[in-house]
Amino acid sequence: MVDLNVVCPPHAVPPSVRLASTQGRWLLTATILGSSLASVDATVVNVALPAIGRDLGMEFSGLQWTLTAYTLTLASFILLGGSAGDRFGRRRVFLVGVVWFAVASLLCAVAPTEGLLIGARAVQGFGAALLTPASLAIIQATYAEADRARAVGTWAGFSGVASALGPFLGGWLIEAGSWRYIFLINLPLAALVVWLCLKRVPETRDPAAGGRLDVAGALAGVVGLGGISYALISVPASGAGSFGVVLAACLGLAGLVAFVLIERRVRNPMLPPALFGVSQFRAINAVTFLVYGAIGASLFLLVLQLQVVSGFSPLVAGSALLPITVVVLIFSARSGALASRIGPRVQVTAGPLVLGLAMLLGLRLQADSNYLTDVLPMTLAFGCGLAVMVAPLTSAALAAAPVEHAGIASGVNNAVARAAQLLAVAAIPAAAGLTGAAYTDPAVFLTAFHAAIRICALLFFAAAVLAALTVRTRTPLPPM
């Protein structure tokens, strides 16, 4: 049995912890709770957006930036977080991320203006970029090989549960007092994670990792994604040909080009080009991009629709998504175990198909929608799609890279998912006609909502086709 109170030497072989052991259960609890900080915050804010908008006098673009600022720094720095964990110790980086996230949450809770809230959300996203890849990399580098797929499935399942509980928790806290409570709730949870981590989680790292962190690449990513996002969000109000939109788009494209060039030339890139030389790794991340873009945009708009159009209270709107929690909790770990036996292709294809059908069910939502007949079928289907897909997709992304690059592989897959959500939340509402104060007009919002979920359905179906054509039944480790 491995004593998790003993930190592994920097270049020691990582311990092979069994999932059924006491050590294994404590370690999994710590990583799940830590990653839940980021996953809950990514969804809990959705249900609070109408209240935040009213309190701080925001237009729709302000609501978009409240989500986008967080996702921007998360997507841009998550690769750096994965690399830092591999080089300096995954537990150490995980702890720094948890503490950083807690401090930023406090800043969000006390922010008096729209600008300061958005700035604090960007700071919070950096903390999430450190803790998110480290939590999964700890699992991949610490558990015995026979238990990794099930451990990842359990982690994915409970992380999905945390994400689904976010809207319910947010609605309850808003009705209990204020939207500011959704950020304050992070502080005691972060303290518990720090305590568990110091007591129960061993240190692991990549013995071959070294050199400087690729800060230049991360900053280029911020400029690239930030510029493109700003342009997409600003187009509806300013026009595609306005100086600000054109300038932001040019800066964004220049940033993305610079990112690619930096990663090809820097000695220690946070995104090793060799990873994307592996066809299976490319395929898995392409599917991830399509799927998570649609997930991000659909959940963002669904919670707004339930409140703005259907007249649900924040608590009821949040509770309406609880079936997702139940389905993911019951089936996600089993889905991960099944994928370890049959390979990921069937589930990574079927999951997006079910999610696309869930979007089509969302076309039934109207101003007078009934929960049981209109909302529940959609959320049940959505939960089934997530339960089928998430664990196999995550496991396949990690299996496409050697275990010593677990932090980088996890970071890349998370970065792709967050970048997709960032761009989708910026682009899909604009394509559907949501601008300015339109989110306060139920009739205008409903028309735009139906257009947006049609776009999301197409993205899900495209992901299913891509998975069927490109994802292999097995994902053998590539030579690196």
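Computed from a prediction, not measured in an experiment: that's the story for all the values here.

Procedures and definitions
Residues numbered from 1 in each chain as written. Predicted model: local features only at pLDDT ≥ 70, side-chain atom pairs only at ≥ 80, totals over all residues. Heavy atoms only, no water. Helix = DSSP H or I, 4+ residues; strand = E, 2+ residues; numbered from the N terminus. Buried < 20%, exposed > 50% of the residue type's maximum accessible area, 1.4 Å probe, protein only. Contact = heavy atoms within 4.5 Å. Areas by Shrake-Rupley, 256 points an atom, 1.4 Å probe, with all protein chains shown as cover. Phe/Tyr/Trp six-rings, centres within 6.5 Å; stacked < 30°, edge-to-face > 60°. Salt bridge = Lys/Arg side-chain N within 4 Å of Asp/Glu carboxyl O. Axes fitted to C-alpha atoms, helices over the stretch in contact; angles between N-to-C directions. Parallel < 35°, antiparallel > 145°, perpendicular 65-115°, else oblique. Nonpolar A, V, L, I, M, F, W, Y, C, P; charged D, E, K, R; others polar. pLDDT = per-residue confidence, 0-100. Core = buried A, V, L, I, M, F, W, Y, C linked by side-chain atoms within 4.5 Å. Expected span 1.5 Å × (residues − 1). Polar contact = N/O pair within 3.5 Å; in protein donor to acceptor, adjacent residues only side chain to side chain. Bend = angle between axes of the 7 residues up to and from the residue. Patch = residues over 30% accessible without salt bridge, like charges linked within 9 Å, V, L, I, M, F, W, Y side chains within 5 Å. Left-handed = near helix turned anticlockwise from the far one by under 90°.

For the protein chain, the helix and strand inventory stands at 16 helices and zero strands. Every one of the 480 residues in the protein chain was classed for burial, and the buried ones make up 59%. When contacts within the protein chain are restricted to residue pairs at least 6 apart in sequence, long-range pairs at least 24 apart make up 85% of them. Accessible area of the protein chain: about 17,700 Å², with a carbon and sulfur share of 69%.

Within the structure shown, the criterion is met by six aromatic pairs. Here F60 and F300 contribute two aromatic rings whose centre-to-centre distance is 5.8 Å and whose plane-to-plane angle is 40 degrees, an arrangement assigned as tilted. Taken together, the residues span a long stretch of sequence, with F60 in helix α2 (residues 60-88) and F300 in helix α10 (residues 279-308) at a distance of 240 residues. Seen in terms of ring centroids, W100 and F126 are 4.8 Å apart; in terms of plane orientation they differ by 55 degrees. Their pairing is tilted. Placement of W100 in helix α3 (residues 90-110) and of F126 in helix α4 (residues 114-142) is noted, with a sequence separation of 26 residues between them. Residue class for W100 comes out partly exposed when judged on its relative accessible area of 38%.

On to the pattern of salt bridges, then. Taken as a whole, this structure holds two salt bridges when the rule is applied. A salt bridge links R180 to D55; the nearest nitrogen and oxygen atoms lie 3.8 Å apart. Here the residue R180 occupies a position in the loop between α5 (145-176) and α6 (181-184), and D55 occupies one in helix α1 (residues 22-56), the gap between them amounting to 125 residues. You can call D55 partly exposed: its relative accessible area is 44%. The partner of R364 in a salt bridge is D374, and the shortest N-O contact between them spans 3.7 Å. Taken together, the residues R364 in the loop between α13 (345-361) and α14 (371-399) and D374 in helix α14 connect sequence positions ten residues apart. R364 gets classed as partly exposed once you look at its relative accessible area, which sits at 41%.

Attention now goes to the packing of α2 against α3. Running from amino to carboxyl end, α2 crosses α3 at an angle of 150 degrees, the nearest separation of the two axes being 8 Å. As far as their axial angle goes, α3 and α2 are roughly antiparallel. Where α2 abuts α3, its residues Y70, G81, A84, G85, D86 and F88 lie against R90, R92, V93 and F101. A class-by-class count of the residues in the contact of α2 with α3 yields five nonpolar, two polar and three charged.

Let's shift gears to the confidence of the model for the protein chain. Note: predicted coordinates in regions of low pLDDT should not be interpreted at a detailed level. Residues of the protein chain with pLDDT of at least 70 account for 90%, and the chain-wide mean is 82. The element-level mean pLDDT for the protein chain is lowest in α5, coming to 76, with α3 highest at 94. Every residue in residues 1-14 is under pLDDT 50, and counting partners more than four places away or in other chains gives 22 contacts. Note that pLDDT drops below 50 for residues 475-480; the model gives that stretch 17 contacts with residues more than four away or on any other chain.

The next point concerns the environment of G127. Inspection of the secondary structure puts G127 in helix α4. The spatial distance from the C-alpha of G127 to the C-alpha of L95 is 9.8 Å, given a sequence separation of 32 residues. With residues near it in sequence (within four places) discarded, G127 still touches G97, W100 and F101.

Our next topic: the nonpolar core. With 130 residues, the main nonpolar core has L117, W179, V291, I295, F382, L386 and F445 as its most contacted residues. At 16 residues, α10 tops the list of elements feeding residues into this core. Dropping the residues within four chain positions of it, F445 is found in contact with L301, L304, Q305, V308, V309, L434, A438 and Y439.

Take the environment of L446 next. Residue placement: L446 occurs in helix α16 (residues 442-470). Through-space distance from the C-alpha of L446 to that of Q366 is 7.1 Å; in sequence the pair is 80 residues apart. Leave out the neighbours within four places in its chain, and L446 touches Q305, V309, L365, Q366 and A367.

Right, let's talk about α13 for a bit. In this model, α13 (17 residues) spans 25 Å end to end at C-alpha, consistent with the 24 Å of a helix rising 1.5 Å per residue. Taken residue by residue, α13 has Q347, V348, T349, G351, P352, L355, G356, A358 and M359 as its buried positions. Buried positions along α13 lie against α10, α12 (322-342), α14 and α16.

Checked against the element boundaries, S76 lands in helix α2. The buried category is assigned to S76, whose relative accessible area is 3%. A distance of 2.8 Å separates a polar side-chain atom of S76 from the backbone oxygen of L72.

Structurally, the position occupied by A339 is in helix α12. Separated by 49 residues in sequence, A339 and V388 have C-alpha atoms that sit 9.5 Å apart.

Counted at 1.5 Å a residue, the expected span for α12 with its 21 residues is 30 Å, and the 30 Å between its end C-alpha atoms agrees. Most pronounced at F331, the bend in α12 amounts to some 40 degrees. G343 occupies a position one or two residues after α12 and carries a positive phi of about 90 degrees.

Further remarks concern a nonpolar patch on the surface. A contiguous nonpolar surface patch, about 420 Å² in accessible area, is contributed by V99, W100, V103, L107 and V123. In terms of residue count, α3 provides more of the nonpolar patch than any other element does, four residues in total. Positionally, L107 belongs in helix α3.

Now for the packing of α13 against α14. Between α13 and α14, the least distance of the axes is 8 Å, while the angle of their chain directions is 160 degrees. What the angle tells us is that α13 and α14 run roughly antiparallel. Between α13 and α14 lies a crossing whose hand is left-handed. For the pair α13 and α14, contact is made by Q347, V348, A350, G351, P352, V354, L355, A358, M359 and L361 and by P377, M378, A381, F382, C384, G385, L386, V388, M389, P392 and L393, respectively.

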